[in-house]
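So the chains spell out like this:
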Amino acid sequence: MPERFPKQLISGYRTFAAHRLPTEQARYNELSDIGQSPEVMVIGCCDSRVSPEVIFDAGPGELFVVRNVANLVPPYAPDGEAHGVSSALEFAVQVLKVKHIVVLGHAQCGGIKTLVHPSAPLSPSDFIGKWMSLLTPTRDATPRQPGESDSDYITRMEKRAVSTSLDNLMTFPCVKIQVERSKMQLHGAYFGVAHGSLSILDRATGEFQTVTQTLPVGYESARPHSASH
């Protein structure tokens, strides 16, 4: 066993292997044989506090997840360069044929804070600054409101970033076609770290509506593979 491999990961794996794996072994075998076919893609933030699999209590094979700083989707740019988010999106839409794409924003986002309060680059390449510049037009079009606190403005920018990413998704031809054919739906969501709250974007009003923790009777039955975990 490599000595420097994090001990907490070894411990975590052993707990997984002893407790959760036995209940999901059949599902892993199935996924190994037939491959993955998730219906939902989640575009989330790298932030360690905001794991889509944990928030949505997802089992193996249920979510296709891509994470980056501030859960951003860049505009469609077929320029011959390497694009991580775009390649994951292409695979999800063209190969996996997902039915839903969720952009999951969150509170206390370090990327958004950097956008609102620019600081010295962490490296000469300033990878974070260049990445967050994708939201510069959004920031410039979202001025502070009279009397708005700094924390409230950052929260509003975190939510505006979700809307911008949803708009950018529609610049991808493969996404636009599927949405217009009603074969795919786009969703925005926002996770409140402190209280574990989840809000869903109503695109008609631009407002986020809080999800209650009590589900309607029978809702759980619609969830695939719910019995596996």
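Calculation notes
- Residues numbered from 1 in each chain as written.
- Predicted model: local features only at pLDDT ≥ 70, side-chain atom pairs only at ≥ 80, totals over all residues.
- Heavy atoms only, no water.
- UniProt positions renumbered as here; feature names shortened; annotations may be inferred.
- Salt bridge = Lys/Arg side-chain N within 4 Å of Asp/Glu carboxyl O.
- Buried < 20%, exposed > 50% of the residue type's maximum accessible area, 1.4 Å probe, protein only.
- Phe/Tyr/Trp six-rings, centres within 6.5 Å; stacked < 30°, edge-to-face > 60°.
- Domains from an automatic or database assignment.
- Contact = heavy atoms within 4.5 Å.
- Buried area = accessible area lost by both parts, 1.4 Å probe.
- Polar contact = N/O pair within 3.5 Å; in protein donor to acceptor, adjacent residues only side chain to side chain.
- Nonpolar A, V, L, I, M, F, W, Y, C, P; charged D, E, K, R; others polar.
- Helix = DSSP H or I, 4+ residues; strand = E, 2+ residues; numbered from the N terminus.
- Core = buried A, V, L, I, M, F, W, Y, C linked by side-chain atoms within 4.5 Å.

Naming follows an unreviewed UniProt entry, where the chain appears as Carbonic anhydrase of Afipia felis. As its UniProt record puts it under Sequence similarities (unreviewed entry), the chain is described as follows: "Belongs to the beta-class carbonic anhydrase family."

Could you give an account of the pattern of salt bridges, with specific residues and numbers?
Tallied over the entire structure, the rule returns nine salt bridges. Arg139 serves as the salt-bridge partner of Asp140, at 3.4 Å between the closest nitrogen and oxygen. Taking the relative accessible area as the measure of exposure, Arg139 reaches 25% and is therefore partly exposed.

I'd love a proper account of the packing of aromatic side chains, names of residues and values included.
What the rule picks out here adds up to five aromatic pairs. When the ring of Phe16 is compared with that of Tyr28, the centres are 6.2 Å apart and the planes differ by 90 degrees; the resulting orientation is edge-to-face. Using a relative accessible area of 25% as the deciding quantity, one classes Phe16 as partly exposed. The class for Tyr28 is partly exposed, based on a relative accessible area of 32%.

Lay out the domain arrangement of the chain in plain terms, naming residues and giving numbers.
One can read the domain layout of the chain as domain 1 (6–35) and domain 2 (37–210). Here domain 1 and domain 2 have C-alpha centroids that lie 29 Å from each other. Facing six residues of domain 1, the contacting portion of domain 2 comprises five residues. The junction of domain 1 with domain 2 conceals about 380 Å² of combined surface from both sides, 54% of it contributed by carbon and sulfur atoms. Its largest share of buried area at the contact with domain 2, domain 1 owes to Arg20, Arg27 and Leu31, together 63% of the area lost on that side. Counting every contact that joins domain 1 to domain 2 gives zero salt bridges. Where domain 1 meets domain 2, there are two residue pairs in polar contact (both at pLDDT 80 or more). When grouped by side-chain class, the residues that make up the side of domain 1 that touches domain 2 number two nonpolar, one polar and three charged.

Which residues make up the UniProt feature "binding site: Zn(2+)" (unreviewed entry) in the chain, and what values go with them?
The positions that UniProt labels "binding site: Zn(2+)" (unreviewed entry) are, in the present scheme, Cys45, Asp47, His106 and Cys109. Taken together, the annotated residues stretch across 65 residues yet fold into one region, lying no more than 8.9 Å apart by C-alpha. In this structure, Cys45 sits in strand β1 (residues 40–45). Taking relative accessible area as the criterion, Cys45 reaches 6% and is therefore assigned buried. If we skip the residues at most four places from it in the chain, Cys45 touches Val50, Arg67, Asn68, Val69, Ala70, Asn71, Leu104, His106 and Cys109. Assessed through its relative accessible area of 15%, Asp47 is described here as buried. Setting aside anything within four residues of it in sequence, one finds Asp47 in contact with Arg67, His106 and Gln108.

Which residues make up the nonpolar core, and what are the values?
Nonpolar side chains tend toward joint burial in soluble globular proteins. Within the largest apolar cluster, 25 residues are counted, with the highest numbers of intra-cluster contacts made by Met41, Leu89, Ile101, Leu169 and Val175. Mapped onto this core, the elements with two or more residues apiece are β1, β2 (63–68), α3 (84–96), β3 (100–106), α7 (150–169), α8 (173–180) and β4 (185–192). Beyond its immediate stretch of four places on either side in the chain, Val175 contacts Leu89, Val93, Leu169, Met170, Met184 and Leu186. Listed in part, the 13 residues of the second largest apolar core include Cys45, Cys109, Met157 and Ala161.

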